[in-house]
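# A look at the structure
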Amino acid sequence: MTPAEPDRPVYRLLPEVHRSRDAELGHPLRSLLEVVEEELLRLREDIDGLYDNWFVETCAAWVLPYLADLLGPGDPTGDPGGTVPRRSLVAHTLAHRRRKGTPGALEEAARDITGRPVRVVEYFPLLGTTQNVNHPRPGDVRTPDLRDTARLALIGTPFDRTSRTVDVRHADRRSGHADRRRGRHNIGVVGLHLWRLTAHPCTGVDARAVDAAAGRWTFDPAGRDLPLFSRPRSAASPAEETDVPAPLRRLRLHQELTALRTGSPSTLLDGPDPLLTVTLPDGPVEPARLICADLTGWDRPPAPSDGAAPQIAVDPALGRLTLPPGIAPDRVRVAYSYGSPGDLGAGPYDRRATLTTALAAAGTPWPDAPDWQIAVRRDPAGSGDPSVPSSVPSSAPSSAPSSAPSSVPTVTTLGAAVTAWNERPDPRPGQVGVIAVQDSATYDEDLTGPRRILIPPGNRLIVLAAGGRPAALGAFGLRPHLTGTIEAAAPGGQAAQPSQLVLDGLSVEGRITVAPGNLDSLVVSSCTLAGDRAATLPDGGLISAADNPRLAVRLARTVCAGVRLSDVPTLDLADSIVGPRADGLALDAQSADAGIEASTVLGRTTARTLTVSDSILRDRAEVVWRQQGYLRFSYAPPDSRVPRRYRCQPADDTAARRVAPAFDALDPAAPGFGRLAARCPTEIAEGAENGEEMGAYRFLRQPGRLADLAGRLDDHVRFGLEAGVFLAD
């Protein structure tokens, strides 16, 4: 029986003579037994499911509350977005109870509840005390050693070991919305420091040449000053500095590089998965040849002496690197990690669920196998560069139908791939095409003019970052960067099926434009659009479309500088950040019916009609038809001309003086871009319909997880101790 043949457990038990005779008669016996086999398969699936539901690792989600009721850790389904952490919480309940009262158990329980890295600090041993001469404690000094630079650099962090005077206030269990240092240093206080940022590792990235002749490069392919992050290396307890997603300090990198040069092992740079790598055209740079420096002034390392290998200066705080005089390569490749609040915008994270949701929003089901596909890869696999993986994991299940990778043509530029799509033979309505970018390289080209993307009537095309088989949509581990403009056009009339263009997982340093025509749908999913560093590209980071009477523009998990629509009827935003722009106008869609769901708009908004839920409109909104639409569980300035509000903020003029969104950063290059600050009013930080925060990061459900952690601390802290929750970033 071939793998594609359906399972026939009863029919296969018949002797071969009966099956042969049945085949001669047209399979009447097999048709009769299909009814029996269908019920038998249902019974088998039910028995298998019952067996799986005996174990917390394999049980269905609906079984978790029943298993939790047997163990008593509380309701594990209070946070629908935290199914994985909640499953871990139920699985580890007995282990946590056996070790109750220890820092390791408290740290693991907090990690299971929140799904975020946590470090537990016992603050009572850090109190400055008057010592008894009969019991001296040389290690417990009240005055820090000013010559211990490494220890002084950790003051104010969760790794601070400096003694303090007592703080008699109670530790706030929800200090994310209060004083972040309240009641730490007190007798019997245990602090749980929670990291909210996520470190995303990128490999095979083209560093940006700010001034190649002067040896100036940035790790960020867009040329921005982007701090490098350390990423969790293990789940050890207690968590150390290398086990949390935090900015990589200059001193820490210097210590690691010094250890390498003295022959000692390095936690961050040794092994098959180093934290950062630099590759020149002649090969990878040995970690021992890297030096850590403050490159605020772009200081270059000295020129190599005769026979000596050149050194590369790296600044992890600014994400810069400089090369010595006499070395001016045309290309530098790097691997590093950057920080962000969550899986939003272009990134190497898993985008399968997001892409599936975005394609479903377009309204037309996408087939498992495309009619046309092509791969784009600037460097061949196995080129010897450790930052370029020889194979990229595919996100498709093993049963997904697709052609073998060797049968898919591969080109080295996006322009060549688009030309192949535009000039393919025998284009017909209903065809589906895939252009898969299979690396994280930089493509410096404009997809405009003769190389613009053409969508014939009834055709659909998706351009995405995907490794392995191009038909495997939504792959992860890649973040390609495009410097230039993407222009799409849909000439011709209307077909029975809609014409659609989908962009997924791309970092675009430029803009996306839809020329006048007959495009039905533009979906931009998990993309980042930004202006160039020198501000030479007009309308950088903008998504614009004009004169497409049927076009629906949909943004999902996308970051862009603005949206400008003219004679386009529909605009939908979900889990996205739009803005800020220099002119202050983020959404310019006076002819469109705009729907905004759990998004953050950092600028003015204009639309024909507007429906908003769980979102933040930071600046004034102007709506033409206010008799239609609504605003619910959202923030909009009081002077906005919008439809009827329902449970929105600010509630009145008095509250308007106090209630306003506060963000950690409004610079797209900052790790905390678009994230609500700890000082943000509770009306916004917990003002969504489900009690979570308004805005683009609602899907993280951070307020709910913090509240759940605060409510469960008594179950994991021994009698006499008080626990507080503190945000580490």
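Counting restarts for each chain, with residues numbered from 1 along the sequence as it is written. Given that the model is predicted, a residue must reach a pLDDT of at least 70 before its local features are reported, and side-chain atom pairs must reach 80 or more before they are shown or counted; all residues, however, enter totals for whole chains, interfaces and linings. The side-chain quantities take in all heavy atoms of the structure and omit both hydrogens and water.

Before going further, it helps to examine the overall build of the chain. Counting secondary structure elements, the chain contains 13 helices and 38 strands. Per-residue burial over the chain gives 51% buried out of 729 residues. We call two residues in contact whenever any of their non-hydrogen atoms come within 4.5 Å of each other. Expressed as a percentage of contacts within the chain between residues at least 6 apart in sequence, the contacts between residues at least 24 apart total 61%. Surface accessibility of the chain: about 32100 Å² in total, with carbon and sulfur atoms responsible for 54%. Only DSSP runs of H or I with at least four residues qualify as helices, and only runs of E with at least two residues qualify as strands; both kinds are numbered from the N terminus onward. Three labels apply to residues, based on accessible area from a 1.4 Å probe with only protein chains included: buried if under 20% of the type maximum, exposed if over 50%, partly exposed otherwise in between. A 1.4 Å probe and the Shrake-Rupley method give the accessible areas. Residues count as covered only by the protein chains that appear here.

Cavities and pockets were defined on a 1 Å grid built from protein atoms only: a cavity is a group of points that admits a 1.4 Å probe but offers it no way out, a pocket is an open group of points flanked by protein on both sides within 12 Å along at least five of seven lines, and a lining residue is one with an atom within 4 Å of any such point. Grid points are joined across faces, edges and corners, and a volume is the space filled by probe spheres set on the points. With the rule as written, the count across this model stands at seven cavities of 30 Å³ or more. Counted as a void, the largest cavity has a volume near 260 Å³. Lining the largest cavity are 18 residues, with Tyr338, Ser340, Leu344, Arg479 and Pro668 positioned closest to its centre. Among the elements that line the lining of the largest cavity, the one with the most residues is strand 13 (residues 333–340), at three residues.

The next point concerns the pattern of salt bridges. The salt bridge definition used is simple: a Lys or Arg side-chain nitrogen within 4 Å of an Asp or Glu carboxyl oxygen. Under the criterion given, the structure shown has 43 salt bridges. Note that Asp350 is salt-bridged to Arg352, the shortest N-O span being 2.5 Å. Residue classification places Arg352 among the partly exposed residues on the basis of a relative accessible area of 36%. For the salt bridge of Arg452 with Glu487, the shortest nitrogen-to-oxygen distance reads 3.4 Å. Of this pair, Arg452 sits in the loop between strand 17 (442–444) and strand 18 (453–454) while Glu487 sits in strand 20 (residues 481–489), placing them 35 residues apart in sequence. Since its relative accessible area comes to 29%, Arg452 is described here as partly exposed. Accessibility expressed as a relative area gives 18% for Glu487, which makes it buried. Each of Asp206, Arg331, Arg333, Arg378 and Asp379 takes part in salt bridges that share partners, so that together they form one network.

In this section: the side chain of Ser507. Along the chain, Ser507 turns up in strand 22 (residues 507–514). Ser507 gets classed as buried once you look at its relative accessible area, which sits at 6%.

With respect to the helices and strands, the residue Leu41 is situated in helix 2 (residues 28–52). For the pair Leu41 and Pro9, spaced 32 residues apart in sequence, the C-alpha separation works out to 8.4 Å.

Strands sit in the order 1-2-38 across an open sheet of three strands; the sheet is mixed. Pairing within the sheet leaves two strands with one partner each, and these edge strands are strand 1 (118–122) and strand 38 (722–727). Strand after strand, the sheet turns through a mean of 25° between neighbouring axes, direction not considered. Following DSSP output, two strands are said to pair if at least two bridges run between them. In terms of strand pairing, strand 1 meets strand 2 (residues 189–194) through five bridges, oriented antiparallel. Fitted lines through C-alpha atoms serve as axes, helices being fitted only where they are in contact, and the angles separating the N-to-C directions of these axes extend from 0 to 180 degrees.

Before going further, it helps to spend a moment on the nonpolar core. By nonpolar core is meant a set of buried Ala, Val, Leu, Ile, Met, Phe, Trp, Tyr and Cys residues that side-chain atoms within 4.5 Å join together. Ranked by size, the top nonpolar core spans 61 residues in total, and within it Ile435 and Leu571 carry the most contacts. A per-element tally of this core places strand 31 (residues 585–597) first, with six residues. Dropping the residues within four chain positions of it, Ile435 is found in contact with Trp372, Ile374, Val376, Leu414, Ala417, Val418, Leu461, Ile462, Val463 and Leu464. Membership of the second largest hydrophobic core comes to 30 residues, among which are Phe219, Leu226, Leu269 and Leu323.

The step from Gly579 to Pro580 runs through a cis peptide bond, and the omega angle for that step is -5°. In this model, Gln649 is joined to Pro650 through a cis peptide bond whose omega is -5°. Along the chain, the position of Pro650 falls in the loop between strand 37 (645–646) and helix 11 (653–656). Of note in this structure, Asp426 is not a glycine but carries a positive phi near 55°. Residue position: Asp426 is located in the loop between helix 10 (414–422) and strand 16 (432–437). Its identity as a non-glycine residue notwithstanding, Asp575 has a phi of 55°, on the positive side. Take Asp575: it is sitting in the loop between strand 29 (570–574) and strand 30 (577–578).

The four strands lie next to each other as 3-13-8-9, forming an open sheet whose pairing is antiparallel. Looking at the sheet topology across the chains shown, the edges are occupied by strand 3 (198–206) and strand 9 (283–284). Alignment of strand 8 (residues 277–280) against strand 9, held across two bridges, turns out to be antiparallel. Bridged to Leu280 within strand 9 is Gly283.

Within helix 3 (residues 64–71) the residues assigned to the buried category are Leu64, Leu67 and Ala68. The arc that holds every buried residue of helix 3, seen down its axis, measures 100°, which confines them to one face. For helix 3, the exposed residues lying more than 90 degrees away from the buried face are Tyr66, Asp69 and Leu70. Following helix 3 by one or two positions, Gly72 has its phi on the positive side, about 85°. What the arc measures is the spread of directions leading from the helix axis to the C-beta atoms.

Candidates for patches are residues over 30% relative accessible area with no salt bridge; among them, like charges are joined within 9 Å and nonpolar side chains (Val, Leu, Ile, Met, Phe, Trp, Tyr) within 5 Å. Positive charges come from Lys and Arg alone, negative charges from Asp and Glu alone, with His and the N- and C-terminal ends not counted. Think of each charge as sitting on NZ of Lys, CZ of Arg, CG of Asp or CD of Glu. Residues Glu45, Asp46, Asp48 and Asp52 make up a contiguous surface patch of negative charge. Along the chain, the position of Glu45 falls in helix 2.

Our focus in this paragraph is the environment of Met694. By the secondary structure assignment, Met694 is in the loop between helix 12 (682–685) and helix 13 (702–712). In contact with Met694, other than residues within four places in its own chain, are Asp614, Ser615, Ile616, Phe633, Ser634, Tyr635, Gln649, Leu676, Glu683, Ile684, Gly687 and Ala688.

Here we come to the confidence of the model for the chain. Low pLDDT means the predicted atomic positions in that stretch should not be read closely. Each residue carries a pLDDT value, the predictor's own confidence for that position, ranging from 0 to 100. When the pLDDT values of the chain are averaged, the result is 85; 89% of them are 70 or greater. A low-confidence stretch, residues 1–5 (pLDDT under 50), is modelled with two contacts involving residues beyond four sequence positions or located in other chains. In the model, residues 382–406 has pLDDT below 50 throughout and makes 50 contacts with residues more than four positions away in sequence or in other chains.

Below, the discussion takes up a nonpolar patch on the surface. Together, Leu40, Leu43 and Ile47 make up a nonpolar patch on the protein surface, roughly 260 Å² of accessible area in all. Structurally, the position occupied by Ile47 is in helix 2.

This part covers the packing of helix 6 (residues 103–114) against helix 13. The angle between the axes and the distance between the axes are what describe a pair of packed helices. The contact between helix 6 and helix 13 brings their axes to 9 Å, and the two run at 145°. Where helix 6 crosses over helix 13, the handedness of that crossing is right-handed. Between helix 6 and helix 13, the contacting residues are Ala110, Ile113 and Thr114 on the first element and Arg705, Asp708, Leu709 and Arg712 on the second. Of the residues that constitute the contact of helix 6 with helix 13, the class distribution is three nonpolar, one polar and three charged. Each crossing gets its handedness from the near helix: less than a right angle anticlockwise from the far helix is left-handed, clockwise is right-handed. Any residue that is not Ala, Val, Leu, Ile, Met, Phe, Trp, Tyr, Cys, Pro, Asp, Glu, Lys or Arg is counted as polar, Gly included; the first ten are nonpolar and the last four charged.

Working rule for helices: expected span equals 1.5 Å times residues minus one. Helix length check: helix 8 (residues 250–261) (12 residues) gives 17 Å between terminal C-alpha atoms against 16 Å at 1.5 Å per residue, within 8%. Where helix 8 is concerned, the buried positions are Arg252, Leu253, Glu256, Leu257, Ala259 and Leu260. For helix 8, the buried positions fall inside an angular range of 155° around the axis, keeping them on one side. Where helix 8 is buried, its residues meet strand 10 (290–292) and strand 11 (312–315).

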